[in-house]
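Next come the chains, spelled out residue by residue.
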Amino acid sequence: MKDWPLWEVFIRSRHGLAHKHVGSLHASDAALALANARDVYTRRGEGVSIWVVRSTDIIASAPGDKAILFDPSEDKVYRHPTFYEVPDEIDNL
Amino acid sequence: MAACEPTRTYLRCVSANRPLLSFVSVIRSDFANARPNTDLMTHNIDVSLINCIIFRGEPSAVIPRIAGPSFMTGKTLMHTQPAHTEVEPRCSAEALAEREQAFQAKIDADIKIEPKDWMPQAYRQSLVRQISQHAHSEIVGMLPEGNWLTRAPSLRRKLILLAKVQDEAGHGLYLYSAAETLGASREALIEALHAGQAKYSSIFNYPTLTWADVGAIGWLVDGAALINQIPLCRCSYGPYARAMRRICKEESFHQRQGYEIMLTLCRGTAAQKRMAQDALNRWWWPSLMMFGPPDAESSHTQQSMRWKIKRHTNDALRQKFIDQSVSQADYLGLTPPDPELKWNEQTGHYDFGTIDWSEFWRVLKGEGPCNRERIEARRRAYDEGRWVREAALVFGAKQTRRAPGTD
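## Quick notes on the overall build of chain B
Argument step 1. Helix and strand counts for chain B stand at 14 helices and 6 strands.
Argument step 2. Out of the 407 residues belonging to chain B, those deemed buried represent 52%.
Argument step 3. In chain B, once contacts between residues fewer than 6 apart in sequence are set aside, the share between residues at least 24 apart is 73%.
Argument step 4. Only carbon and sulfur atoms are counted for the fraction: they give 56% of the accessible area of chain B, which is about 20100 Å².

Here it is in structure tokens:
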């Protein structure tokens with residue numbers, strides 16, 4: 001028999017944060033995925049909202065592309081406010 | 001701060017197959033020695049997808065084709081990508097050695113390895129073996145305790161035990177998921193267990209004869225497991241480390257509820273205290289064996305430690321467990337069944353008697369009191385649940401077909 005499809009589970013904790021990936025599980029359909037996610041990942045009040053997404057529906061960047069994707073942002077220090085010199089006399093800037 | 005270091009060299013890579021995905025990238029490397037091949041590989045860039053490389057603004061010389069991980073593979077899985085197993089055979093020995101060095105350097109720098117990162121085949125296999133064994137242990141570990149679910153002495157104890165057994169199931173699931181990120185399939189892992197090819201912790205091949213055994217399991221077995229598991233929270237493989245952090249947080253409740261059962265029995269009648277002592281007598285030595293064979297005989301320890309899959313040796317963890325458990329037994333008024341157990345001023349540790357390793361190997365080989373019963377129970381549950389799994393799969397497919405907006 002084939003494994004049930006794989007789902008990725010995302011949970012929003014009670015503190016108003018964004019949904020965060022917590023792990024994955026197998027389930028035959030979306031309703032069961034949600035029910036299983038409740039049982040497997042929220043036994044101690046970890047969350048107030050659950051998302052389940054079929055793993056095959058997630059498109060991810062490849063680790064090999066890390067340099068290509070993210071290095072260009074590293075030498076752009078002028079994107080940070082601390083790059084700019086502000087005279088001491090100037091407030092609210 | 002300077003915007004860029006003087007040694008930095010600019011390299012522009014343009015993807016051939018995907019003109020829309022052209023990147024201008026900065027690769028920080030010393031090109032004075034002009035080894036673009038190596039540098040591309042350390043950055044995991046697949047040259048087969050690059051049609052133009054501009055090196056310091058000039059088109060570079062022809063770059064020989066080398067194998068590398070895919071550049072942009074389109075639809076890839078986030079958590080369960082079975083990695084680039086197809087890449088390795090095409091790698092030259094030299095290139096492979098270089099990759100392994102880069103891999104080890106990452107581990108030495110405490111950078112976590114994630115599912116889609118390149119890793120040596122042996123690292124992957126070692127992790128699949130360890131994580132699946134661990135998952136199987138959690139699942140089989142439900143059985144000895146499940147034996148007491150209907151007979152727990154009070155409603156409070158029954159609720160607690162139910163919650164604990166449910167936690168063990170959860171721990172098994174976190175771990176199976178972590179193993180699956182390495183490309184193993186859930187079904188194959190479970191079949192290996194049922195076929196007797198995969199191991200699980202030998203401790204669960206001992207029977208739970210009395211209610212005190214449930215206490216002793218929580219106190220000693222979960223206590224030993226925690227000592228084993230806390231260092232795993234810093235394991236080099238990301239998904240395993242994250243699963244272990246969840247598990248350790250929950251496991252601490254297991255140990256405490258076990259100790260509370262022991263404490264209640266020890267403060268009870270003389271017969272109850274005898275029951276507690278009897279449980280300690282039977283679980284003490286098997287608990288010490290949970291840390292695995294002595295360092296000298298442990299086949300995986302050294303490599304596992306180099307890879308930071310394992311952080312401490314079996315013997316070191318075992319000593320830690322003994323040191324902490326003796327005073328806990330003292331408080332209960334119980335005596336561990338080892339006449340040679342004695343505090344050693346010089347070492348600052350307890351000395352202890354010789355462990356009967358022949359028993360360990362016997363139980364591991366399948367000759368423990370409950371080996372056959374445990375695997376049979378697992379097989380039966382799996383086989384008898386098969387029709388439910390199949391029906392749910394068909395139902396799920398039907399739901400998808402009927403859902404509006406899908407085709």
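## Topic: the pairing of strand S1 (residues 6-12) of chain A
All names here are of chain A.
Argument step 1. Burial runs high along S1: 6 of the 7 residues are buried.
Argument step 2. Here 6 bridges tie S1 to strand S2 (residues 20-26), and the two strands are oriented antiparallel to one another. Each bridged residue has a counterpart across the sheet, and for Ile-11 the counterpart in S2 is Lys-20.
Argument step 3. When S1 meets strand S3 (residues 49-54), the two strands line up antiparallel, connected through 6 bridges.

## Notes on the sheet that holds S3(A)
Residue and element names in this part refer to chain A.
Argument step 1. Taken together, the 3 strands give an open sheet; going across it, the order is S2-S1-S3, and neighbouring strands pair in antiparallel fashion. One side of each edge strand has no neighbouring strand; the edge strands of this open sheet are S2 and S3. Adjacent strand axes in the sheet meet at a mean angle of 30 degrees, parallel and antiparallel pairs treated alike.

## Some thoughts on the nonpolar core
Argument step 1. Counting 97 residues, the largest nonpolar core has B:Tyr123, B:Ile131, B:Tyr237, B:Tyr240 and B:Trp283 as the members making the most contacts within it.
Argument step 2. Excluding anything up to four places from it in sequence, B:Trp283 contacts B:Ile203, B:Tyr206, B:Pro207, B:Thr208, B:Asp213, B:Ala216, B:Ile217, B:Leu220 and B:Val221.

## Details of the confidence of the model for chain B
All names here are of chain B.
Argument step 1. On average, residues of chain B score 81 in pLDDT, and 77% of them are at 70 or above.
Argument step 2. Mean pLDDT across the elements of chain B ranges from a minimum in strand S4 (residues 58-59), with 34, to a maximum in helix H9 (residues 270-289), with 98.
Argument step 3. This stretch, residues 1-89, has a pLDDT under 50; its non-local contacts, to residues over four places away or in other chains, come to 173 contacts.
Argument step 4. Our summary of model confidence lists the complex with pTM equal to 0.78 and ipTM equal to 0.84.

## Considering the pattern of salt bridges
Argument step 1. Across all of its chains, the model carries 22 salt bridges over all chains by this definition.
Argument step 2. Across the pair B:Arg156 and B:Glu260 runs a salt bridge whose closest N-O atoms are separated by 3.1 Å. Here B:Glu260 lies in helix H8 (residues 238-266) and B:Arg156 lies in helix H5 (residues 155-180), a separation of 104 residues in the sequence.
Argument step 3. Classification of B:Arg156 as partly exposed rests on a relative accessible area of 46%.
Argument step 4. You can call B:Glu260 partly exposed: its relative accessible area is 30%.
Argument step 5. The closest approach of N and O atoms between B:Glu260 and B:Arg157, which form a salt bridge, is 2.7 Å. Here B:Glu260 is found in helix H8, whereas its partner B:Arg157 is found in helix H5, with 103 residues between them in sequence.
Argument step 6. The network of salt bridges with shared partners includes A:Arg43, A:Arg44, B:Asp167 and B:Glu250.

Rules used in this analysis
- Residues numbered from 1 in each chain as written.
- Chains lettered and ligands numbered in written order.
- Predicted model: local features only at pLDDT ≥ 70, side-chain atom pairs only at ≥ 80, totals over all residues.
- Heavy atoms only, no water.
- Helix = DSSP H or I, 4+ residues; strand = E, 2+ residues; numbered from the N terminus.
- Buried < 20%, exposed > 50% of the residue type's maximum accessible area, 1.4 Å probe, protein only.
- Contact = heavy atoms within 4.5 Å.
- Areas by Shrake-Rupley, 256 points an atom, 1.4 Å probe, with all protein chains shown as cover.
- Pairing = 2+ DSSP bridges.
- Axes fitted to C-alpha atoms, helices over the stretch in contact; angles between N-to-C directions.
- Core = buried A, V, L, I, M, F, W, Y, C linked by side-chain atoms within 4.5 Å.
- pLDDT = per-residue confidence, 0-100.
- Salt bridge = Lys/Arg side-chain N within 4 Å of Asp/Glu carboxyl O.

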